[in-house]
Amino acid sequence: MTIVESKVREYQQRIEELFAVWKNTEHHTNEIFVEDGVVCPEKWFASEIRPLFLLKEAYGGNNGWSLINDYLTKDDPIEGIWRNVSLWTKGLLNTNAEHLDAYNPNDAEFNKFNNEYIKSIAVVNVKKSKGEKSSDYEDILNYAKSDKKFLLQQLEICNPTIIICGYTIDPLIEIWGENIKTVHNANLYYHITLNDHDVLVLDYWHPGNQFPKVMNYYGLVNIYQQALLNND
């Protein structure tokens, strides 16, 4: 068994055990619980750059379901926020301190779910049940507080190198247990240590926001490049 295969097996076992307990806690029992996490563990654990999108909530369905297995890995035409997520991920994966990847929304990969960029990410929603189409920020914060132990465990199990906060920096602070923004940074990036390694946190808008797509793209990718340039 290779190192990657071992990591994949460990991830699958730990995430299944976590969800088995989590979905049976008091405020999730008998609710539609939406599982999430690493989209393609084989690709994720072989990668040095592992971007995790910390989002607010998923919604829909009549029974518990998996955002990964029942949605993101289907070979269906892409919809909703996930085209933006694909585009942002391409930018992050192909940008470094010397090169900023150009905006190209016409990449054929963006036309379907289960594309190479979606398979390169993890997704963690703060609110795992009772999801709504329109999020209430105080409600999301309350779930971050009540589920902080489980959410922190999920982050540790996923083991990202980058966390992109989709308007969820305050929930992340609740999960983390301390204010990672104590040192002001006009470029909106911060650092935490997870599993004994540095994780870059990008404080950004939700990928479903209504700002122009090109502005969204360059805003996020530029923040990332500034972090790489400063390396602090």
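Residues numbered from 1 in each chain as written. Predicted model: local features only at pLDDT ≥ 70, side-chain atom pairs only at ≥ 80, totals over all residues. Heavy atoms only, no water.

Some details on the packing of aromatic side chains
What counts here: Two rings from Phe, Tyr or Trp (for Trp, the six-membered ring) form a pair when their centres are within 6.5 Å of each other. A pair whose planes differ by under 30 degrees is stacked, one over 60 is edge-to-face, and the rest are tilted. Strands are runs of DSSP state E lasting at least two residues, helices are runs of H or I lasting at least four, and both sets are numbered from the N terminus onward. Whether a charge sits over a ring comes down to the Lys NZ or Arg CZ being within 6 Å of the ring centre and within 35 degrees of the ring normal.
Enumeration over the complete set of coordinates arrives at 14 aromatic pairs. Plain terms: the ring middles of Tyr103 and Tyr217 are 5.4 Å apart, the flat faces sit at 55 degrees to each other, and that makes the pair tilted. Taken together, the positions of Tyr103 in the loop between helix 4 (82-93) and strand 5 (122-127) and Tyr217 in helix 8 (residues 213-230) put the pair 114 residues apart, joining distant regions of the chain. Arranged with centres 5.6 Å apart and planes meeting at 65 degrees, the rings of Trp205 and Phe211 form a pair that is edge-to-face. An aromatic cluster of three or more residues is present, and its members are Phe19, Trp22, Phe33 and Phe150. Here the basic side chain of Lys149 rests over the ring of Phe150, its NZ or CZ set 4.9 Å away from the ring centre.

Some points on the sheet that holds strand 6 (residues 162-166)
The cut-off we apply is this: Pairs of strands are assigned from DSSP output, requiring at least two bridges between the strands. Whether two residues are in contact is decided by their heavy atoms, any of which lying within 4.5 Å being enough. Axis lines are fitted to C-alpha atoms, over the contacting stretch for helices. Their N-to-C directions set the angle, which ranges from 0 to 180 degrees.
Here six strands make up an open sheet; going across it, the order is 2-5-3-6-8-7 and the pairing mixed. Each edge of the open sheet is held by one strand with a lone partner, namely strand 2 (37-38) and strand 7 (189-194). Across six bridges, the pairing between strand 7 and strand 8 (residues 197-204) is antiparallel. Bridge pairing links Thr193 to Asp198 in strand 8. Here helix 6 (residues 148-158) sits on the sheet and contacts strand 2, strand 3 (51-57), strand 5 and strand 7; the angle it forms with strand 5, its principal contact strand, is near 175 degrees.

What about the environment of Ser86?
Heads up, the rule is: Identification of polar contacts relies on pairs of N or O atoms within 3.5 Å, with a donor-acceptor requirement for protein atoms, meaning one able to donate a hydrogen and the other able to accept it, and with residues adjacent in sequence counted only if both atoms are side-chain atoms.
Here Ser86 lies in helix 4. Discounting chain neighbours no more than four positions away, the residues touching Ser86 are Ile78, Phe110, Asn115, Tyr117 and Ile118. Looking at Ser86, its side chain comes within polar contact range of the main-chain oxygen of Trp82, at 2.8 Å.

Details of the environment of Val34
Note the threshold: The buried label goes to any residue with under 20% of its type's maximum accessible area, the exposed label to any with over 50%, and the partly exposed label to all in between, with areas taken from a 1.4 Å probe on protein chains only.
Within the secondary structure, Val34 sits in strand 1 (residues 34-35). On the basis of relative accessibility, which here comes to 4%, the residue Val34 falls in the buried class. In sequence terms Val34 and Ile68 are 34 residues apart; their C-alpha atoms lie 9.5 Å from each other. With near-sequence residues (within four places) excluded, Val34 lies in contact with Ala58, Trp65, Leu67 and Lys128.

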